[in-house]
Amino acid sequence: MTEEIQVHLPAIEKHVEHLRQGFSYWPTLENGMPPALGDYRWPAELILSTWYQAGTGEPPVNELEYRSGDSGGGFDKLDFKFLPEGDQLPPDAEVDLAIPLNSSGFGREIEIAVPWYGGGMSFGSVSEQVMLARSMAAKEWGTFTCTGEGGYPDSLVEFKDHIITQIATGMFGVREETIQHAPIVEFKYAQGAKPGLGGHLLGDKTTVTVAKMRESVPWVSLFSPFPFHSVYSVEDHRKHVDWVKTINPEALVSVKVSTPTDVDMVAVGSFYAGAHIVHLDGSYGGTGAAPEIAKKNIAMPIEFAIPKVHKYLQSENIRDEITVMASGGVRTAYDIAKAIALGADGVVLGTAELIAIGCTRCSNCERGRGCPFGLTTTDPELSLLIDPQWGAKRISNLNASYAKQLRDILRRLGLKSIRDLRGRTDLLVYLNT
Amino acid sequence: MATTNSYQRYHIDTIPTPDFVPWPNKFDVKVNRPQLAKLLISEIIHLKGDMKAVTSRPCMYGTFSGPIGGFAPRPEHCVGCLRCTVQHPKMVTITRNADRERLGDSYFTSAYVDAVSYEADTGSIPVKGAGYRGKFGGEGWDGMWTDMSEIVRPTRDGIHGREFISTVVDIGEKPSYLIFNDNGEITSAKPRILSIPVPFIYDAPPASAASSTLNEILARAASETQTLAVMPIDGDEWSVVSDQLPVQSIVPLIKLGDESTIEHLGFTPSMVEIDISDDPNSNFQNLISSIQSQFPDTIIAVRLPYDDPDNLLKLYEIGVRVFHLFADFHGRGQDGRFVLDLIREAHLTFVEAGTRDEVTLIGSGGIIAAEHVPKAIITGLDLIALDTPLLVALQAQFEGDCANRKTSQFAMPKNLPLDWGIQRLKNLTATWRDQLLEILGAMGLREVRRLRGEIGRAMFQVDLEREAFAEIEGYLVEAGD
Ligand code: SF4
Ligand code: SF4
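Bear in mind that the values here come from a model prediction, so they are computed numbers and not experimental data.

Engineer: Hey, could you run me through the pairing of strand 11 (residues 277–281) of chain A in this one?
Structural biologist: Sheet faces and side chains relate simply in a regular strand, where the side chains alternate between the two faces. Residue and element names in this part refer to chain A. Of all 5 residues in strand 11, 5 are buried; the element is thus mostly enclosed. Here strand 11 shows a buried face lined by Ile277, His279 and Asp281 and a second buried face lined by Val278 and Leu280. Inspection of the sheet shows strand 10 (residues 252–257) paired to strand 11 by 4 bridges, in the parallel sense. Pairing of Val257 across the sheet is with Leu280, part of strand 11. In this sheet, strand 13 (residues 323–327) lies alongside strand 11 in parallel orientation, the contact comprising 5 bridges.

Here it is in structure tokens:
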């Protein structure tokens, strides 16, 4: 896993030890909160409460906020109308969090045990250690993670039943065997953080290993153009699906799209082109580098896209035949529940997982050698700050806390299954504060 | 600026041009020295004298890499990653520097100042990881998103198709038809029109910032980017400076009552701007005629506040075709409305009169970030006259809240170097254009002219929220409206 540079392991071990102590210490609030930590979407409290959950598998017991952020809109303007205590399900009631990913009635049936899976983060944009940590956690939780567009490191093959292979416009790392491995193949048409702009891996991050994986030249910037040059229409997309089906007839197909004004039409088009999953990626999320102008300004936030798509699919009488997954700013268990109440079947997580393993949301991912916490980097020394086993445990703990909270939310709403929450906007309340 | 016979791709050379005046650091770094000394001693013991490990520091950016390491941190290197404070909670404290956050004013906040400074410094689009960090939406520009297409791109050529997008805009008279005689010759008046390769010009600086050096920076940067710089003309000085300045890029700004100054101009301007803001209803037809007789090919623009749409039609009637409409520096009109509404009103005034395609609307005031440019054009402007962003690119300091164009106080750096200033404005222009290309590319549009007034390519928070949340208990019409 290491390349070119010789690393001094005692120094790495020293830093790892201090970092892990810090991740445990800060959420105790003994020293207050780091004054420069956090932003409107992820205030310091939310970051610290995520570290807490990643450390313990439980929601915080001190006053740390772990349900919503401070953005003043979207999920942060919504809450649940819980039933009076007497009408809620008993604390020991069985509550089911599983959702099906293939509702078409044809082909392979895949169910995930929790209503989320991990979003695409490519090898190159994150380290192999991070990919491994995510894959291990996905396996443990009976769900998936996604390769992103950067190839499929060999170390991931043992987790292949829990890995979605992404095909994006640059086709980096897409090979027959990576499609054959995949229970689900995701076509990335666009991504929320940079809708309509394509991808760009800076030359500095295209190390020898990354280049080999992507079948490109080391230290040369790589572009994933926007959009697929072979797709002009729904019919062209259908050809893409056929191509995947030829290689792997069993694979489910997910279509990842951004959230333009006609996102509802896009979803319907995806369905008729043979998608099992339409993955809506709203504009406020994303872990990779993106132009600031795109994140804030292009395409609509996910909170608005979900009900638009849900209602339109209902009006077309196809809502129960396609799975809608939502991403782009889903930060907490409460956000997951709100997204589902707005009409999604489940969500796709990215940033929350990175925060669990140490991200401070400092936005320096592209600076110098990459992430100083060893996350979004290909630097051989920095990557060692993340031990995959440790990372997997942290993500699993976060999952455990989310699952616990979701069960609690459902129980307080009197629902026995997460599937019963879908589209239940009547259980939400808008906060006029 | 002038049309050419052969195709040339428009390009602005960007060169890194760091700040001329040191600005406050973004972060303050405090280290508890006794704690650090203790840590070092304990590490020497535990790491058995492995000094490579002992001196390995958490900061990758050099904050603790001075001669005595963490005992004298160098906050100018800190990028706020927080790794040091995560690792050593009781030893290192990182805070946002209040002095830095005081840059700008209540509208042009320090976050916007940082963005413009970065753009003017690097000429690059600000790119960051980890998603969006700001408020969900908000008023004005913040409650508006631009559309994109999943599969349409401007052209199938190039990597992204962006390479071939045109950002050319036309300024001047655009008659809806021409009249030809039997020989096929045009007999109607030849329209006065010019094209510039970017949809922004540089506006005249406010009085507190103005200087001959600033004028020269504006004029030369405008010339090198092939745009225009509006400049107040000050009597006799003009015949002198015009010898040294790239006059084709200068748009003399004439106030009512200063008509005679036009006679002293030592050059034929491409465009002249008449400021009628002190008396928007005055009769200045004679002035137009006299300028036109002196400079028959010169385009005449009229500068006035947004607020009076009826007056726009009256001005159209007397032959005005180029309107420079301005709000205050915070984007507010005289009646307090935000510039987004004001642009829309002006645009629709001409749409309803059936004359929108014949006029050019230039707007200024409140447009302080790259994303505001496409939003203003979608709302109805043809192009923008940049004002305060130019000053910020040149490291102007705001003295108090600077909303009012006449009374605002900006302190420009002393001894502003000419070449530095020109390059900073070139960098800013290049990166704002590049960001416009990103927006156009995402929409699949091949030229900015097609964006004008295309309100269907925008999404507004109030509409989206109503559509998404109207059936949710507690959602009030007022909340959405
Ligand atoms: S550089 Fe900062 S924002 Fe990016 S992954 Fe690392 S900690 Fe998170
Ligand atoms: S916050 Fe990050 S950049 Fe700043 S001093 Fe600490 S480690 Fe260095």
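Engineer: I'm lost on the interface of chain B and chain A in this one. Help?
Structural biologist: Often, the extent of an interface is quoted as the loss of accessible area upon association of its parts. With 78 residues of chain B at the contact, the number on the chain A side is 92 residues. Across the chain B/chain A interface, buried area totals approximately 7,600 Å², and carbon plus sulfur atoms make up 61% of it. In terms of surface lost to chain A, no three residues of chain B exceed Tyr132(B), Phe136(B) and Glu150(B), which account for 11% of the buried area on that side. Notably, a salt bridge pairs Lys311(A) with Glu471(B), separated by 3.9 Å at the nearest N-O pair. Taken together, chain B and chain A are joined by 45 residue pairs in polar contact (both at pLDDT 80 or more). Mapped onto the side of chain B that touches chain A, the elements with two or more residues apiece are helix 1 (33–46), helix 2 (51–54), helix 3 (83–87), strand 2 (92–96), strand 3 (127–128), strand 4 (144–146), helix 13 (418–443) and helix 14 (461–469) of chain B. Looking at the side of chain B that touches chain A, the element that brings in the most residues is helix 14 of chain B, giving 6 residues.

Engineer: Please explain the packing of aromatic side chains as it appears in this structure.
Structural biologist: Two aromatic rings, taken as a pair, are described by how far apart their centres are and by the angle between their planes. Taken as a whole and judged by the stated rule, the model has 27 aromatic pairs over all chains. Summarising the aromatic geometry, the rings of Phe187(A) and Trp243(A) are spaced 6.5 Å apart at their centres and angled 50° between planes, so their arrangement reads as tilted. Highlighted residues: Phe187(A) in strand 7 (residues 184–188) and Trp243(A) in helix 6 (residues 234–247), separated in sequence by 56 residues. What makes Phe187(A) buried here is its relative accessible area of 0%. Ring geometry for Tyr284(A) and Phe136(B): centres 5.6 Å apart, planes at 85°, overall edge-to-face. One end of the pair, Tyr284(A), is in the loop between strand 11 and strand 12 (290–291); the other, Phe136(B), is in the loop between strand 3 and strand 4, on a second chain. The exposure class of Tyr284(A) is buried, given its relative accessible area of 3%. Taken together, Tyr284(A), Phe304(A), Tyr430(A), Tyr132(B), Phe136(B), Trp145(B), Phe469(B) and Tyr475(B) form an aromatic cluster joined through their ring pairs. The aromatic ring of Tyr66(A) is capped on one face by Arg67(A), whose charged end is 5.1 Å from the ring centroid. The cationic tip of Arg9(B) hangs over the ring face of Phe164(B); the distance from NZ or CZ to the ring centre is 4.8 Å.

Engineer: Is there a simple way to explain the pairing of strand 5 (residues 169–172) of chain B in this structure?
Structural biologist: Residue and element names in this part refer to chain B. The alternating pattern of strand 5 places Val169 and Ile171 and Asp170 and Gly172 on opposite faces, both of which are buried. Both strand 5 and strand 6 (residues 193–196) contribute to a ladder of 4 bridges, which runs antiparallel. Across the sheet, Asp170 pairs through a bridge with Ser195, a residue of strand 6.

Engineer: Would you mind going over the confidence of the model for chain B with me for this structure?
Structural biologist: Reading fine detail from the predicted coordinates is not recommended where pLDDT is low. With 95% of its residues at a pLDDT of 70 or more, chain B has an overall mean of 92. Of the two predicted TM-score estimates for the complex, the pTM is 0.94 and the ipTM is 0.93.

Rules used in this analysis
Residues numbered from 1 in each chain as written. Chains lettered and ligands numbered in written order. Predicted model: local features only at pLDDT ≥ 70, side-chain atom pairs only at ≥ 80, totals over all residues. Heavy atoms only, no water. Buried < 20%, exposed > 50% of the residue type's maximum accessible area, 1.4 Å probe, protein only. Helix = DSSP H or I, 4+ residues; strand = E, 2+ residues; numbered from the N terminus. Pairing = 2+ DSSP bridges. Contact = heavy atoms within 4.5 Å. Buried area = accessible area lost by both parts, 1.4 Å probe. Salt bridge = Lys/Arg side-chain N within 4 Å of Asp/Glu carboxyl O. Polar contact = N/O pair within 3.5 Å; in protein donor to acceptor, adjacent residues only side chain to side chain. Phe/Tyr/Trp six-rings, centres within 6.5 Å; stacked < 30°, edge-to-face > 60°. Lys NZ or Arg CZ within 6 Å of the ring centre and 35° of its normal. pLDDT = per-residue confidence, 0-100.

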